[in-house]
Amino acid sequence: MNRSPVAVALALASQIGQAAQGVPAIAAATTLLTTLFVSRVHAAPVAAPDVVESWLLPRYDTLRAAADAQQGAWDAFCKAPSAEGVSTLKTRFAAVSDAWASVEFITFGPIMLSLRPDRFNLFPERRNAVGRSVAELVADPTDERLQPARFFRLSAAAQGLPALERLLYDEGADAALLAGPEAGRRCAIGQAIALNLATIAGEIRTGWGSRDEGLLAQLRAGKADPVYFPDPDALLSQVVTDLAGAYQRVVDQRLLVVLGKSTDEAKPLMADRRRSGLSKETIVAIIDSAGALADALGAGLDAKDRASLAATMQAARAAANGLPEDIGAAATTPEGRKALQAAIASFKAAQAAVAKPLASGLGVPLGFNALDGD
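Everything numeric here is computed off the predicted structure, so don't read it as measured data. (Residues numbered from 1 in each chain as written. Predicted model: local features only at pLDDT ≥ 70, side-chain atom pairs only at ≥ 80, totals over all residues. Heavy atoms only, no water.)

1. Points about the overall build of the protein chain
Step number 1: On a plain count of helices and strands, the protein chain comes out with 17 helices and 0 strands.
Step number 2: A separation of at least 24 residues holds for 77% of the contacts in the protein chain among residues at least 6 apart in sequence. (Helix = DSSP H or I, 4+ residues; strand = E, 2+ residues; numbered from the N terminus. Contact = heavy atoms within 4.5 Å.)

Put into structure tokens, the structure is as follows:
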């Protein structure tokens, strides 16, 4: 009969206790050992493939559906441009942006191939790369670079959400999409980007498969993959590491870089999604999704640690929801800076909680994340 490690440990502790009767030091140690293992009995085991199936894949499903809807909206708009159509495009853009934010901190699986993260959402942007790439495409009178077989090979700056945000939200964007000499070209660029995003989202989700076939089925069977998972047993550590990275991404890339060292050194133009007014919404989407992942992983902790983790993650959610609507503008005022700094403290506490009690309680090491060394 197979017995779980916890059951074996409990039996061993019991045997030690029986042998240690009359030896106070050993008996005390035995009591402590038994207490520790009994507390773990009340924690549910956490399996990385289950977390992938229950937490990650539904979010990739949402991303694929949102990207497909956005592609359809662009196709419909370009056939019959209208002010209502522009409004629909912006709504679809926000849906894809939120869906991406909920998974952007995941670095394992099919997302790791073909520069998909950068092609979907190049951030942070360097040296106005997105603006220059969009301007070049608008000025190009030919359609060659917009063809799917060519478009995915262009600079990542031209391919993803930041480029689409420029088309929709730059000064005069509405009018430029509706009429004028560039309207047709801008529509074609929007269609190319939307198709590219839908393609990437579809490739990611298809690459994962299901519990019956594909990468997920392979993981559930404990089989290694030379590209994605040379060591399937290390996946849980990767999941926890990416969770810690979620909070670090928000703090380092979306808040500290905008705050600067003082009001005079604030950089409001560095705020993510500032053109579309989605700076706060993007952070909320990341923190909400990370909190849900922490909740799923927290099932593997004992009751005390689970409660501690939940309280810290809920505080992070509250901090995100309490952020000023305009992150960039907030960085330029004393009151706004205090609000951003308070949120940073909450997010850093959440990141620390991923190390302890979460990683320590699950017995998994935290690895290096994509931001380490930056």
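2. Section: the state of the cysteines
Step number 1: For the structure on display, the rule yields 1 disulfide.
Step number 2: Disulfide partner of cysteine 78: cysteine 187, at an S-S distance of 2.5 Å. Handedness of the cysteine 78-cysteine 187 disulfide follows from its S-S torsion of about -105°: it is left-handed. Placement of the pair is cysteine 78 in helix α3 (residues 48-79) and cysteine 187 in helix α11 (residues 183-208), with a sequence separation of 109 residues. (Disulfide = S-S within 2.5 Å.)

3. Concerning the packing of aromatic side chains
Step number 1: Applying the stated criterion across every chain, the model contains 8 aromatic pairs.
Step number 2: Ring centres of tryptophan 55 and phenylalanine 105 lie 6.0 Å apart, and the angle between their planes is 40°; on these two criteria the pair is classed as tilted. With tryptophan 55 in helix α3 and phenylalanine 105 in the loop between α4 (83-101) and α5 (116-120), the pair connects residues that are 50 residues apart, well separated along the chain.
Step number 3: Given the relative accessible area of 4%, tryptophan 55 is considered buried.
Step number 4: Measuring from ring centre to ring centre gives 6.3 Å for tyrosine 228 and phenylalanine 229, while their planes differ by 45°; the resulting arrangement is tilted. (Phe/Tyr/Trp six-rings, centres within 6.5 Å; stacked < 30°, edge-to-face > 60°. Buried < 20%, exposed > 50% of the residue type's maximum accessible area, 1.4 Å probe, protein only.)

4. A look at a nonpolar patch on the surface
Step number 1: Residues Met112, Leu113 and Val227 make up a contiguous nonpolar surface patch of about 240 Å² in total accessible area.
Step number 2: Mapped onto the elements, valine 227 comes out in the loop between α12 (214-220) and α13 (235-259).
Step number 3: Residue classification places valine 227 among the partly exposed positions, given a relative accessible area of 47%. (Patch = residues over 30% accessible without salt bridge, like charges linked within 9 Å, V, L, I, M, F, W, Y side chains within 5 Å. Areas by Shrake-Rupley, 256 points an atom, 1.4 Å probe, with all protein chains shown as cover. Salt bridge = Lys/Arg side-chain N within 4 Å of Asp/Glu carboxyl O.)

5. With respect to helix α14 (residues 279-298)
Step number 1: For α14, built from 20 residues, the straight-helix expectation of 28 Å at 1.5 Å per residue is met to within 8% by its first-to-last C-alpha distance of 29 Å.
Step number 2: Taken across its 20 residues, α14 has 15 buried, putting it largely inside the fold. (Expected span 1.5 Å × (residues − 1).)

6. Let's talk about helix α15 (residues 303-321)
Turn by turn, an α-helix covers 3.6 residues, leaving residues three or four places apart pointing in a common direction.
Step number 1: With 19 residues, α15 ought to run about 27 Å at 1.5 Å a step, and its terminal C-alpha atoms sit 27 Å apart, in line with that.
Step number 2: All of the buried residues along α15 are Leu309, Met313, Ala316, Arg317, Ala319 and Ala320. The arc that holds every buried residue of α15, seen down its axis, measures 160°, which confines them to one face.
Step number 3: For α15, the secondary structure elements touched by its buried residues are α13, α14 and α17 (334-362). (Arc of directions from axis to C-beta.)

7. What about the nonpolar core?
Step number 1: With 107 residues, the main nonpolar core has Tyr60, Trp208, Tyr247, Leu297 and Phe347 as its most contacted residues.
Step number 2: The contacts of tyrosine 247, once residues within four sequence positions are left out, are Ile287, Ala290, Gly291, Met313, Ala316, Phe347, Ala350, Gln351 and Val354. (Core = buried A, V, L, I, M, F, W, Y, C linked by side-chain atoms within 4.5 Å.)

8. Things to note about the pattern of salt bridges
Step number 1: Applying the stated criterion across every chain, the model contains 19 salt bridges.
Step number 2: In this structure, lysine 90 engages aspartate 174 in a salt bridge whose closest nitrogen and oxygen atoms are separated by 3.0 Å. Of this pair, lysine 90 sits in helix α4 while aspartate 174 sits in helix α10 (residues 173-178), and the two are 84 residues apart along the sequence.
Step number 3: Where arginine 254 meets aspartate 272, a salt bridge forms, and the shortest distance between an N and an O atom there is 2.9 Å. Note that arginine 254 is positioned in helix α13 and aspartate 272 in the loop between α13 and α14, a separation of 18 residues in sequence. Across the pair, exposure class does not vary: arginine 254 and aspartate 272 are buried alike.

9. Quick look at unusual backbone geometry
Note on backbone geometry: most residues besides glycine have negative phi, and most peptide bonds are trans.
Step number 1: In this structure, the amide linkage connecting phenylalanine 123 to the following residue, proline 124, adopts the cis form with an omega of -5°.
Step number 2: Looking at the element boundaries, proline 124 is found in the loop between α5 and α6 (129-139).
Step number 3: In the Ramachandran plot, arginine 127 falls in the positive-phi region, its phi being about 55° despite a non-glycine side chain.
Step number 4: With respect to the element layout, arginine 127 can be found in the loop between α5 and α6.
Step number 5: A residue is classified by how much of its surface remains accessible, and arginine 127, at 78% relative accessible area, is exposed.
Step number 6: The phi dihedral of arginine 273 falls on the positive side, at around 55°, and the residue is not glycine.
Step number 7: Among the structural elements, arginine 273 can be located in the loop between α13 and α14.
Step number 8: By relative accessible area, which is 4% here, arginine 273 ends up buried.

10. Quick look at the side chain of arginine 116
Step number 1: Locating arginine 116 in the fold gives a position in helix α5.
Step number 2: Polar side-chain contacts of arginine 116 include one of 2.6 Å to the backbone oxygen of proline 110.
Step number 3: Within polar-contact distance, the side chain of arginine 116 engages the side chain of glutamate 203 at 3.3 Å. (Polar contact = N/O pair within 3.5 Å; in protein donor to acceptor, adjacent residues only side chain to side chain.)

11. Topic: the environment of aspartate 288
Step number 1: With respect to the secondary-structure elements, aspartate 288 resides in helix α14.
Step number 2: With a relative accessible area of 32%, aspartate 288 lands in the partly exposed category.
Step number 3: With 29 residues separating them along the chain, aspartate 288 and arginine 317 place their C-alpha atoms 6.1 Å apart.

12. Examining the side chain of arginine 337
Step number 1: Inspection of the secondary structure puts arginine 337 in helix α17.
Step number 2: Among buried charged residues, arginine 337 stands out as having no salt bridge; its nearest opposite-charge side chain is glutamate 265, 8.0 Å away.
Step number 3: Residues contacting arginine 337, with those up to four places away along its chain left out, are Leu259, Gly260, Lys261, Ser262, Thr263, Ala266, Ala330 and Ala331. (Lys, Arg positive; Asp, Glu negative; His and termini not counted.)

13. A short note on the environment of leucine 56
Step number 1: Position of leucine 56 among the secondary structure elements: in helix α3.
Step number 2: Taking relative accessible area as the criterion, leucine 56 reaches 1% and is therefore assigned buried.
Step number 3: The sequence separation of leucine 56 and leucine 293 amounts to 237 residues, and the corresponding C-alpha distance is 8.5 Å.
Step number 4: When residues no more than four places from it in sequence are discounted, the contact partners of leucine 56 are Val51, Val103, Ile106, Phe108 and Trp208.

Such coordinate-based values are descriptive only and should not be taken to indicate function.
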